[in-house]
Amino acid sequence: MFDKLSAAESRFEEISNLVMTPEVINDNERYRKLMKEYRDLEPIVEKYREYSKAKEASEEARAMLDEGGLDKDFKELAEEEYLTNKEKMNTCAEELKILLLPKDPNDDKNVIVEIRGGAGGEEAALFAHSLFRMYSMYAESMHWKVEVMNMNETELGGVKEVSFSIEGEGAYSRLKFESGVHRVQRVPETETQGRIHTSTVTVAVLPEAEEVEFELNPDDLKIDVFRSSGAGGQHVNKTSSAIRVTHLPTGMVVECQDERSQYKNKDKALRVLRSRLLNQKIEEQNAQIASQRKLQVGTGDRSERIRTYNYPQGRVTDHRIGLTLYKLDAILNGDLNELIDALITFDQAEKLQSQSEENS
């Protein structure tokens, strides 16, 4: 591990010097790539230097203790210095193991989120809207940009389906564990006898694919134009600006009708299609990895029930890690960090265990 860390520090210093040279400054593409590598290495190098500093301090204290001849107070001080820095070394070493885990190449990508009402009819559509609001508020708290790609609303204010992009640093790394079936238990407003109903909503979080990653062949696409439809709105059913794109090799269908412009709708639909195709590739890779791991938090299996939102008890339970939080209102208002941090920590622990088993 420490050979890797020493090499990472050397590379970090090399990049620090390179980005100051005129030839790199004038080469935008090279400068961008080097700065990305610099940002990736920075937390690793900072933690390694913290470890090295603690190691040096502990060795100095140990040397003084081994020499002997210290008075009582100074000896106690040296012992405390030694133990404190040994503990710091152990903490840094554990953190470095996590920092050195293979990074998901999609973690820095923006995302496209697709939410669809499942079992439960109008109640599922209403909760789908609640989840759209939840993720929008979380994105706002993270200073990320949200753009609606397509929304199919219902008369009562729900959404049958909505797709939207979230643009911002680390968006996929924070949201990738949200894919799956979200279950809600509550008494619907239309329920006269106060019975609790259970409904489901499906969430898919797709890393947004760049055009260079998925160059779509025009011959593989069937593009239809139609009039917008939905619960209402001044542009609905007036212009043929809505777009339906069918990817013939896979049968994937993407619709977009949120913009007045046919061209903008087409552009958004193609962004969603590229991201779905990239996600399909990722899911195939994850299926191969899953057989080697006991639990696969990050596979994004959309058929798996991942979380339950129970309104009567004000609780949210994530079934993958057995975490229950009694802060339903806060979570639905976008306070997701405690849930997301727990999922990331669990996933890291699983990867460390797998790595340990492979090395043993």
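*Asks:* Looking at this model, I keep getting lost on the overall build of the protein. Mind explaining?
*Replies:* In terms of regular secondary structure, the protein is built from 9 helices and 11 strands. Counting the 360 residues in the protein, one finds 41% classified as buried. When contacts within the protein are restricted to residue pairs at least 6 apart in sequence, those whose partners lie at least 24 apart make up 63%. Surface exposure of the protein reaches about 20,000 Å², of which carbon and sulfur atoms provide 47%.

*Asks:* Even after reading the chapter, I still don't get the sheet that holds strand β3 (residues 159–167), so can you show me in this structure?
*Replies:* Each strand in a sheet pairs with another by means of backbone hydrogen bonds, the pair being arranged parallel or else antiparallel. Spatial strand order, β2-β3-β1-β5-β4-β9-β10-β11: 8 strands in an open sheet with mixed pairing. Because the sheet does not close on itself, it has two edges, and the strands there are β2 (145–153) and β11 (323–325). When strand polarity is set aside, the average angle formed by the axes of neighbouring strands in this sheet is 15°.

*Asks:* Teacher, can you tell me more about the packing of helix α3 (residues 28–67) against helix α4 (residues 72–99) here?
*Replies:* Pairs of packed helices are described in terms of their axes, by the angle between the two and the distance that separates them. Taken N-terminus to C-terminus, the directions of α3 and α4 make an angle of 155°; their axes are 8 Å apart at the nearest point. In terms of orientation, α3 lies roughly antiparallel with respect to α4. Taken as a pair, α3 and α4 cross one another with a handedness that is left-handed. By residue class, the composition of the contact of α3 with α4 is 17 nonpolar, 2 polar and 10 charged.

*Asks:* Explanation requested: the packing of aromatic side chains in the structure shown.
*Replies:* The relative placement of two aromatic rings is captured by the distance of their centres and the angle of their planes. A full pass over the atoms with the stated rule returns 4 aromatic pairs. Considering the side-chain rings of Phe 132 and Phe 164, the 5.0 Å spacing of their centres and the 70° angle between planes classify their relative orientation as edge-to-face. Of this pair, Phe 132 sits in helix α5 (residues 122–141) while Phe 164 sits in strand β3, and the two are 32 residues apart along the sequence. Taken individually, Phe 132 and Phe 164 each receive the classification buried, so the pair is uniform in this respect. Taking the ring centre of Tyr 82 as reference, the NZ or CZ of Arg 62 above it sits at 5.0 Å. Over the ring of Tyr 311 we find Arg 186; its NZ or CZ atom is 4.8 Å from the centre of that ring.

*Asks:* Teacher, can you tell me more about the confidence of the model for the protein here?
*Replies:* Across the protein, the average pLDDT comes to 85, with 88% of residues at 70 or higher. Here residues 232–237 is a poorly scored stretch, pLDDT under 50, and it has 8 contacts once near neighbours within four places are set aside; other chains count. Taken together, the stretch residues 292–301 has pLDDT below 50 and engages in 27 contacts with residues farther than four places along the chain or on a different chain.

*Asks:* Explain the layout of surface pockets here, please?
*Replies:* The calculated volume of the largest pocket comes to roughly 1,100 Å³. Lining the largest pocket we find 30 residues, and of these Asp 40, Lys 103, Asp 104, Asp 107 and Asp 108 sit closest to its centre. Those elements giving two or more residues to the lining of the largest pocket turn out to be α3, α4 and α9 (337–359). The element that contributes the greatest number of residues to the lining of the largest pocket is α3, accounting for 6 residues. Residue classes in the lining of the largest pocket are distributed as 10 nonpolar, 4 polar and 16 charged.

*Asks:* Explanation requested: α5 in the structure shown.
*Replies:* Residues three or four positions apart in an α-helix share a direction because the helix packs 3.6 residues into each turn. The end-to-end C-alpha distance of α5 is 29 Å, a good match for the 28 Å that 20 residues give at a rise of 1.5 Å each. Immediately beyond the C-terminal end of α5, within one or two residues, lies His 143, with a positive phi of roughly 60°.

Cut-off values and rules
Residues numbered from 1 in each chain as written. Predicted model: local features only at pLDDT ≥ 70, side-chain atom pairs only at ≥ 80, totals over all residues. Heavy atoms only, no water. Helix = DSSP H or I, 4+ residues; strand = E, 2+ residues; numbered from the N terminus. Buried < 20%, exposed > 50% of the residue type's maximum accessible area, 1.4 Å probe, protein only. Contact = heavy atoms within 4.5 Å. Areas by Shrake-Rupley, 256 points an atom, 1.4 Å probe, with all protein chains shown as cover. Pairing = 2+ DSSP bridges. Axes fitted to C-alpha atoms, helices over the stretch in contact; angles between N-to-C directions. Parallel < 35°, antiparallel > 145°, perpendicular 65-115°, else oblique. Left-handed = near helix turned anticlockwise from the far one by under 90°. Nonpolar A, V, L, I, M, F, W, Y, C, P; charged D, E, K, R; others polar. Phe/Tyr/Trp six-rings, centres within 6.5 Å; stacked < 30°, edge-to-face > 60°. Lys NZ or Arg CZ within 6 Å of the ring centre and 35° of its normal. pLDDT = per-residue confidence, 0-100. 1 Å grid on protein atoms, 1.4 Å probe; cavity = no way out; pocket = protein on both sides within 12 Å on 5 of 7 lines; lining within 4 Å. Points joined across faces, edges and corners; volume = space filled by probe spheres on them. Expected span 1.5 Å × (residues − 1).

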